[in-house]
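Summary of the model geometry
Given next are the chains, with one letter for each unit.
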Amino acid sequence: MLNQRSFQNLISPKFLSLVILAILGLLYAPLLLHWLDGWLHKNISTEHEYFSHGIIGLPFAAYIAWLKRKIWQRLPDHQHPFGAVLLLIGGIFYLSGVSEWVNLSFPAILAGLCLWFKGIPGLKLQKFSLLLVFLATPTLLPYLIAPYTFPLQSFIAGTAGFILNQFGMTVTVDEINIYVGGRIVEVAPYCAGLKMLFTTLYVGLMLLYWTGKLSSRRKTISFLLIAMLISISGNIIRNTLLTYFHGTGNEGAFHWLHDSWGGDMFSAVMLMLLIPVLNNIDNFFSESVEIQQKQVSG
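Everything quoted here is computed from the prediction, not taken from an experiment. (Residues numbered from 1 in each chain as written. Predicted model: local features only at pLDDT ≥ 70, side-chain atom pairs only at ≥ 80, totals over all residues. Heavy atoms only, no water.)

Topic: the overall build of the protein
- A tally of regular secondary structure across the protein gives 16 helices and three strands.
- Taken over 298 residues, the protein has a buried fraction of 40%.
- At a minimum sequence separation of 6, the contacts of the protein that also span at least 24 residues come to 70%.
- Of the roughly 17,400 Å² of accessible surface on the protein, 68% is carried by carbon and sulfur atoms. (Helix = DSSP H or I, 4+ residues; strand = E, 2+ residues; numbered from the N terminus. Buried < 20%, exposed > 50% of the residue type's maximum accessible area, 1.4 Å probe, protein only. Contact = heavy atoms within 4.5 Å. Areas by Shrake-Rupley, 256 points an atom, 1.4 Å probe, with all protein chains shown as cover.)

Okay, structure coming up:
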């Protein structure tokens, strides 16, 4: 028989953590593999493809949590009652069988475990990892906001038409429709760049955290605004190219950029532009401070 000391060692915090991780793995490994397969092979709904940034975001969230494991262990155990509420909600969502609810049960369960074992300090410690998980969890958000993207669609269509006109092409724009070469290109809601915008902001948050600039509100807001401008500008260029390819009958190039790996490469280039912008954020703010100091001294 196990003596009392052996039993205490058996249920040590380390052993309990391993048990919880094993249970989470059994419950959510099929779901995460389903997300990954859908993101890689694009065989899930269009709305879920909007969260493909989770391919890099979820491993990064796990890595951050792993780096903080020693700090987590040093936190005093404290059971916050709201943790039980989140665990209950997560359990109900998981058992519901409704795909959207099952998806949301994952971040709910993780946040509930943080509160249940370490209270508010534990939640604060893992807040960025939890944020990355939540923002990578497929939901109906793209479907809900798609009807409100008409102004953005019209702006992209108008700008693409203006650019092509400058290159001597005869282009007519009617709201979100671009007529060129006897053909029509529609800037549909899902062509308005929402996916790229989501990915850009998500990767931007990761870069801000990695470089330690997330603690500065001014730098964070400025960088994310610039990232949004890069995303919108990139989508205008992409739609302009798509219109050109379609209008000139170059269907191979059109499908390469629209449906194939060309679109992924274009998105990767847009994301790479975030790095030099972030590297120069410090220079921008240092120059702003110097100008203010000169104005005060002057």
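Section: the packing of helix α6 (residues 81–96) against helix α7 (residues 99–125)
- In the contact formed by α6 and α7, the axes pass within 7 Å of each other and the chain directions differ by 160 degrees. The angle between α6 and α7 falls in the class roughly antiparallel. Handedness of the crossing formed by α6 with α7: left-handed. From α6, Phe82, Gly83, Ala84, Leu86, Leu87, Gly90, Gly91, Phe93, Tyr94 and Ser96 reach across to α7, where they touch Trp101, Val102, Leu104, Ser105, Ala108, Ile109, Ala111, Gly112, Leu113, Leu115 and Trp116. (Axes fitted to C-alpha atoms, helices over the stretch in contact; angles between N-to-C directions. Parallel < 35°, antiparallel > 145°, perpendicular 65-115°, else oblique. Left-handed = near helix turned anticlockwise from the far one by under 90°.)

Comments concerning the UniProt feature "transmembrane region" (unreviewed entry) in the protein
- Taken from the UniProt record, the annotation "transmembrane region" (unreviewed entry) applies to residues 15–35, 50–67, 79–95, 101–117, 129–146, 187–210, 222–245 and 265–285.
- Split by type, residues 79–95 is 88% helix and 0% strand. Its first and last C-alpha atoms lie 24 Å apart.
- Across residues 129–146, helical content stands at 67% and strand content at 0%; the span's end C-alpha atoms are separated by 27 Å. (UniProt positions renumbered as here; feature names shortened; annotations may be inferred.)

Focus: the packing of aromatic side chains
- On inspection of all chains with the given rule, the structure shows 11 aromatic pairs.
- Aromatic pair tyrosine 28 and phenylalanine 106: ring centres 4.9 Å apart, planes at 50 degrees, arrangement tilted. Placement of the pair is tyrosine 28 in helix α2 (residues 13–41) and phenylalanine 106 in helix α7, with a sequence separation of 78 residues.
- Residue tyrosine 28 is classed as buried on the basis of its relative accessible area of 2%. (Phe/Tyr/Trp six-rings, centres within 6.5 Å; stacked < 30°, edge-to-face > 60°.)

Remarks on the pattern of salt bridges
- Scanning the entire structure with this criterion turns up one salt bridge.
- A salt bridge links lysine 118 to aspartate 77, with the shortest nitrogen-to-oxygen separation between them at 2.8 Å. With lysine 118 in helix α7 and aspartate 77 in the loop between α5 (69–74) and α6, this residue pair connects regions lying 41 residues apart in the sequence.
- Overall, lysine 118 belongs to the buried group, its relative accessible area being 6%.
- Residue class for aspartate 77 comes out exposed when judged on its relative accessible area of 62%. (Salt bridge = Lys/Arg side-chain N within 4 Å of Asp/Glu carboxyl O.)

Focus: the confidence of the model for the protein
- Of all residues in the protein, 88% attain a pLDDT of 70 or more, and the chain-wide mean is 84.
- Per-element confidence in the protein is highest for helix α8 (residues 127–135), whose mean pLDDT is 96, and lowest for helix α1 (residues 4–10), whose mean pLDDT is 48.
- Note that pLDDT drops below 50 for residues 293–298; the model gives that stretch zero contacts with residues more than four away or on any other chain. (pLDDT = per-residue confidence, 0-100.)

Thoughts on the sheet that holds strand β1 (residues 171–174)
- One open sheet accounts for three strands, arranged β1-β2-β3; its pairing is antiparallel. If you trace the sheet from one side to the other, it starts and ends with β1 and β3 (183–186), each paired once. Neighbouring strand axes in the sheet, compared pairwise and without regard to direction, differ in orientation by 20 degrees on average.
- Inspection of the sheet shows strand β2 (residues 177–180) paired to β3 by four bridges, in the antiparallel sense. Its bridge partner lying in β3, tyrosine 179 is registered against isoleucine 184.
- The strands that helix α10 (residues 150–166) touches are β1 and β2; relative to β1, the one it contacts most, it runs at about 170 degrees. (Pairing = 2+ DSSP bridges.)

Regarding a nonpolar patch on the surface
- Taken together, the side chains of Leu33, Leu36, Leu40, Ile55 and Ile56 make up a nonpolar region of the molecular surface, amounting to roughly 440 Å² of accessible area.
- Residue assignment for the nonpolar patch shows that the elements contributing at least two residues are α2 and α4 (54–67).
- Its place among the elements puts leucine 40 in helix α2. (Patch = residues over 30% accessible without salt bridge, like charges linked within 9 Å, V, L, I, M, F, W, Y side chains within 5 Å.)

Description of the nonpolar core
- Core analysis: the largest hydrophobic core is formed by 53 residues, its most contacted members being Leu132, Phe223 and Leu274.
- Ranked by residues supplied to this core, first place goes to α7 with nine residues.
- Leucine 274 has contacts with Thr200, Val203, Gly204, Leu207, Phe223, Ala227 and Ile230, leaving out every residue within four places of it along the chain.
- Counting 11 residues, the second-largest nonpolar core is a separate cluster that includes Ile156, Ala157, Ala160 and Val187. (Core = buried A, V, L, I, M, F, W, Y, C linked by side-chain atoms within 4.5 Å.)

Brief notes about the pairing of β2
- Two elements, β1 and β2, share four bridges in a ladder whose sense is antiparallel. Counted as the bridge partner of valine 173 is isoleucine 178 from β2.
- Linking β1 back to β2 in an antiparallel pair, the connection comprises two residues, with glutamate 175 at a positive phi of about 60 degrees.
- Where β2 folds back on β3, the antiparallel hairpin that results is connected by two residues, among which glycine 181 adopts a positive phi of roughly 60 degrees.

Concerning the packing of helix α12 (residues 217–247) against helix α13 (residues 251–258)
- With their axes 8 Å apart at the nearest point, α12 and α13 run at an angle of 155 degrees to one another. Considered as vectors, α12 and α13 are oriented roughly antiparallel to each other. For the element pair α12 and α13, the recorded crossing hand is left-handed. Each of Arg238, Leu241, Leu242, Phe245 and His246 in α12 lies in contact with α13, whose residues at this interface are Glu251, Ala253, Phe254, Leu257 and His258.
- Of the residues belonging to the contact of α12 with α13, the class tally is six nonpolar, two polar and two charged. (Nonpolar A, V, L, I, M, F, W, Y, C, P; charged D, E, K, R; others polar.)

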